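The lines below spell out each chain.
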Amino acid sequence: MLTMQELMRKRNQLKAVMRMMDRNASFDTEEGRVYAQTLVKLVVIEMQIEALEKEKIARM
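What counts, and at which threshold
Residues numbered from 1 in each chain as written. Predicted model: local features only at pLDDT ≥ 70, side-chain atom pairs only at ≥ 80, totals over all residues. Heavy atoms only, no water. Patch = residues over 30% accessible without salt bridge, like charges linked within 9 Å, V, L, I, M, F, W, Y side chains within 5 Å. Areas by Shrake-Rupley, 256 points an atom, 1.4 Å probe, with all protein chains shown as cover. Salt bridge = Lys/Arg side-chain N within 4 Å of Asp/Glu carboxyl O. Helix = DSSP H or I, 4+ residues; strand = E, 2+ residues; numbered from the N terminus. Buried < 20%, exposed > 50% of the residue type's maximum accessible area, 1.4 Å probe, protein only. Contact = heavy atoms within 4.5 Å.

A. Layout of a nonpolar patch on the surface. A surface patch of nonpolar side chains, about 270 Å² in accessible area, is lined by Leu39, Val43 and Met47. Tracing the backbone shows Met47 in helix α2 (residues 30-59). Judged by relative accessible area, Met47 falls into the exposed class, the value being 55%.

This is the structure we're talking about:
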């Protein structure tokens, strides 16, 4: 599993990419599909960050 710092870096990169994309693009277009894929990647990373935080709390 990636470290917290690596996950945070990836999350920030994906958020920066998403800010440049058209969030109203149709899923029938390439940009819409890429936006959806990027969003999914961002959600997965957010879930991994949350799991690491919960694991850290459980160890205390």
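B. Up close: the side chain of Arg11. Relative to the assigned elements, Arg11 resides in helix α1 (residues 4-20). Given the relative accessible area of 18%, Arg11 is considered buried. In contact with Arg11, not counting residues within four places along its chain, are Leu42, Ile45, Glu46 and Ile49.

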